[in-house]
Amino acid sequence: MGLTAGVLAVDAGNSKTDVAVVAADGTVLATARGEGFRPPAVGLDAAMSALAETVGRALGAAGVHEVSYVSACLANADLPEEERQLTAAVAGRGWGAGVGVRNDTFAILRAGVSEPRGVAVVCGAGINCVGMLPDGRTARFPAVGRISGDWGGGWALAEEALWHAARAWDGRGEPTALALALPGHFGLPDMASLIEALHLERVDPARRHELTPVLFAVAAEGDGVARAIVDRQAREIVSMAVVALRRLGLLEEETPVVLGGGVLAARHALLDGRIRELLAARAPKAVPRVVTGRPVLGAALLGLDRLGAGAGAQERVRLHFGG
């Protein structure tokens, strides 16, 4: 019979997976990193097999066979049906006596707060928002794209920048420096060349995300169109945060609002300042903070919460991950 650890913490995003095996006292016994977790793209069985390989490496390095609790924060766990399906899939692997599956946004939230209380908005490739209270109540959004009312994230920002640049180039829209900056990023002379290159896939469509930093650079130089796009993103972020705060009855209490994901972690001055300005107006008691640490810390803390671990255990695991 092998040893039993406290928590198997899993943060499985679209681009990468981090796993940590954590003792009940917060000591990190082992970690492992693997590929992204994308059931919609590759199917649940293939996604779980890739996850199992990463988990197996972590458990092997820790010298344990099972844990008391599996705290899995997974991308694409957006709807209750998806959470039920993924919980069954994780439980079926036999990694631990107890299993908790949540959307990966909860990992970022828990990593950024000292107790399971607050709201997080993640703006990376896409956008999502969650909130939680110590009594277990949560605030959620479906967060499956435009059909659930979402707008924003790196991909949407790049698409919006392209739309405005194309219309500026052909005369349908307001002039903007984006019309030269976007094709210039790929070494092309104008939007006609970029449109053709993207349409014929001479430029890999996946590289469109590279245009988001270009958008922010143009906005920082004062371009009105680019600044309007950034302002819209700030408004979307604050709208989600305020709704989550209201649902949990936290608008009148000092409450952390954790900001995470690549777009927010980049700390673009215009976006960051506008978010804080809008929050101050709509939720004056909200305390915004940007989290740049590894979200697997949040998954570990959620697991330790479930085990009733004390402050010492939380501090130990935070120190390990620099959170």
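Quick notes on the rules
- Residues numbered from 1 in each chain as written.
- Predicted model: local features only at pLDDT ≥ 70, side-chain atom pairs only at ≥ 80, totals over all residues.
- Heavy atoms only, no water.
- Axes fitted to C-alpha atoms, helices over the stretch in contact; angles between N-to-C directions.
- Helix = DSSP H or I, 4+ residues; strand = E, 2+ residues; numbered from the N terminus.
- Left-handed = near helix turned anticlockwise from the far one by under 90°.
- Contact = heavy atoms within 4.5 Å.
- Nonpolar A, V, L, I, M, F, W, Y, C, P; charged D, E, K, R; others polar.
- Expected span 1.5 Å × (residues − 1).
- Buried < 20%, exposed > 50% of the residue type's maximum accessible area, 1.4 Å probe, protein only.
- Parallel < 35°, antiparallel > 145°, perpendicular 65-115°, else oblique.
- 1 Å grid on protein atoms, 1.4 Å probe; cavity = no way out; pocket = protein on both sides within 12 Å on 5 of 7 lines; lining within 4 Å.
- Points joined across faces, edges and corners; volume = space filled by probe spheres on them.
- Pairing = 2+ DSSP bridges.
- Phe/Tyr/Trp six-rings, centres within 6.5 Å; stacked < 30°, edge-to-face > 60°.
- Lys NZ or Arg CZ within 6 Å of the ring centre and 35° of its normal.
- Core = buried A, V, L, I, M, F, W, Y, C linked by side-chain atoms within 4.5 Å.

A.B. asks: Whenever I open this one, the packing of helix 8 (residues 211–220) against helix 9 (residues 224–247) confuses me. Can you help?
C.D. replies: The axes of two packed helices give the description: the angle between them and the distance between them. Viewed as axis vectors pointing N to C, helix 8 and helix 9 meet at an angle of 115°, and their least axial separation amounts to 8 Å. Taken as a pair, helix 8 and helix 9 cross one another with a handedness that is left-handed. Along the contact surface, helix 8 presents Leu-215, Phe-216, Val-218 and Ala-219, while helix 9 presents Ala-226, Arg-227, Ile-229 and Val-230. When grouped by side-chain class, the residues that make up the contact of helix 8 with helix 9 number 7 nonpolar, no polar and 1 charged.

A.B. asks: Sorry if this is basic, but what is going on with helix 12 (residues 296–307) here?
C.D. replies: Because the α-helix completes a turn every 3.6 residues, residues three or four places apart line up on one side. Across its 12 residues, helix 12 extends 17 Å between first and last C-alpha, which sits within 8% of the 16 Å expected from 1.5 Å per residue. Of all 12 residues making up helix 12, 9 are buried, and the element is well covered by its neighbours. By the burial criterion, the buried members of helix 12 are Val-296, Leu-297, Gly-298, Ala-299, Ala-300, Leu-301, Leu-302, Gly-303 and Leu-304. Positive phi appears at Gly-308, one or two residues downstream of helix 12, with a value of about 75°.

A.B. asks: For this particular structure, what's the right way to read the packing of helix 9 against helix 11 (residues 269–282)?
C.D. replies: Close contact between helix 9 and helix 11 brings their axes to 9 Å; oriented N to C, the two are set at 40°. On the basis of their axis angle, the class for helix 9 and helix 11 is oblique. Both helix 9 and helix 11 take part in a crossing whose hand is right-handed. In this structure, helix 9 contributes Arg-227, Val-230, Asp-231, Gln-233, Ala-234, Arg-235, Ile-237, Val-238, Ser-239, Ala-241 and Val-242 to the contact, and helix 11 contributes Leu-270, Leu-271, Arg-274, Ile-275, Leu-278, Leu-279 and Arg-282. For the contact of helix 9 with helix 11, the residue count by class is 11 nonpolar, 2 polar and 5 charged.

A.B. asks: I keep staring at empty space enclosed by the protein and nothing clicks. Help me out?
C.D. replies: A water-sized probe rolled over the atoms picks out the places where empty space is left. Going through the model one piece at a time under the given rule, you end up with 2 cavities of 30 Å³ or more. What lines the largest cavity is Thr-17, Gly-34, Glu-35, Gly-36, Phe-37, Ala-47, Ala-50, Leu-51 and Thr-54. Secondary structure elements with two or more residues in the lining of the largest cavity: strand 3 (28–35) and helix 2 (44–62). For the lining of the largest cavity, the class distribution of residues is 4 nonpolar, 4 polar and 1 charged. Taken as a whole, the second largest cavity encloses approximately 30 Å³ of empty space. Lining the second largest cavity, in full, are Val-263, Leu-264, Arg-267, His-268, Leu-271 and Asp-272. Those elements that provide at least two residues to the lining of the second largest cavity are helix 10 (262–265) and helix 11.

A.B. asks: Just to check I follow, could you spell out the sheet that holds strand 7 (residues 127–132) for this structure?
C.D. replies: One key point about sheets: their strands pair by backbone hydrogen bonds, in either a parallel or an antiparallel sense. The strand order across the open sheet built from 5 strands is 8-7-6-9-10, with neighbouring strands paired in mixed fashion. Among the strands making up the open sheet, the edge pair consists of strand 8 (138–139) and strand 10 (286–290). For strand 6 (residues 118–123) and strand 7, the ladder comprises 6 bridges, and the chain directions are antiparallel. Residue pairing for strand 7: Gly-118 is matched across the bridge by Met-132.

A.B. asks: Would you explain the packing of aromatic side chains in this entry?
C.D. replies: One pair of aromatic rings is described through two measures. These are the centre distance and the angle between the planes. The full count for this structure, using the stated rule, is 0 aromatic pairs. Its end group placed over the ring of Phe-106, Arg-102 keeps NZ or CZ at 5.2 Å from the ring centre. It is Arg-247 that lies over the ring of Phe-141; its NZ or CZ is 4.6 Å from the centre.

A.B. asks: Before we go on, may I ask you to explain the nonpolar core in this structure?
C.D. replies: If you look at soluble globular proteins, the nonpolar side chains tend to sit buried side by side. Judged by nonpolar contacts, the single largest core of 56 residues is most densely connected at Leu-178, Leu-182, Ile-237, Leu-271 and Ile-275. For this core, the element with the highest residue contribution is helix 9, accounting for 12 residues.

A.B. asks: Help me understand unusual backbone geometry in this model?
C.D. replies: Phi is positive for Ala-143, close to 55°, though the residue is something other than glycine. As for its position among the elements, Ala-143 is in the loop between strand 8 and helix 5 (154–170). The backbone of Glu-201 shows a phi angle near 60°, a positive value even though the residue is not glycine. Summarising the element assignment, Glu-201 is placed in the loop between helix 7 (191–199) and helix 8.

A.B. asks: Please explain the layout of surface pockets as it appears in this structure.
C.D. replies: The computed volume of the largest pocket comes to approximately 1600 Å³. Considering the residues around the largest pocket, the lining is formed by 48 residues, among which Asn-14, Gly-124, Ala-125, Gly-126 and Ile-127 are closest to the centre. Secondary-structure elements contributing two or more residues to the lining of the largest pocket are helix 4 (105–111), strand 7, helix 5, helix 8 and helix 10. At 6 residues, the largest contribution of residues to the lining of the largest pocket is made by helix 5. For the lining of the largest pocket, the residue count by class is 19 nonpolar, 20 polar and 9 charged. Considering only enclosed or pocket space, the second largest pocket measures out at about 290 Å³ in volume. Considering the residues around the second largest pocket, the lining is formed by 19 residues, among which Tyr-69, Arg-102, Leu-302, Asp-305 and Arg-306 are closest to the centre. Those elements that provide at least two residues to the lining of the second largest pocket are strand 4 (64–74), strand 5 (96–103) and helix 12. Class assignment of the residues belonging to the lining of the second largest pocket gives a composition of 9 nonpolar, 5 polar and 5 charged.

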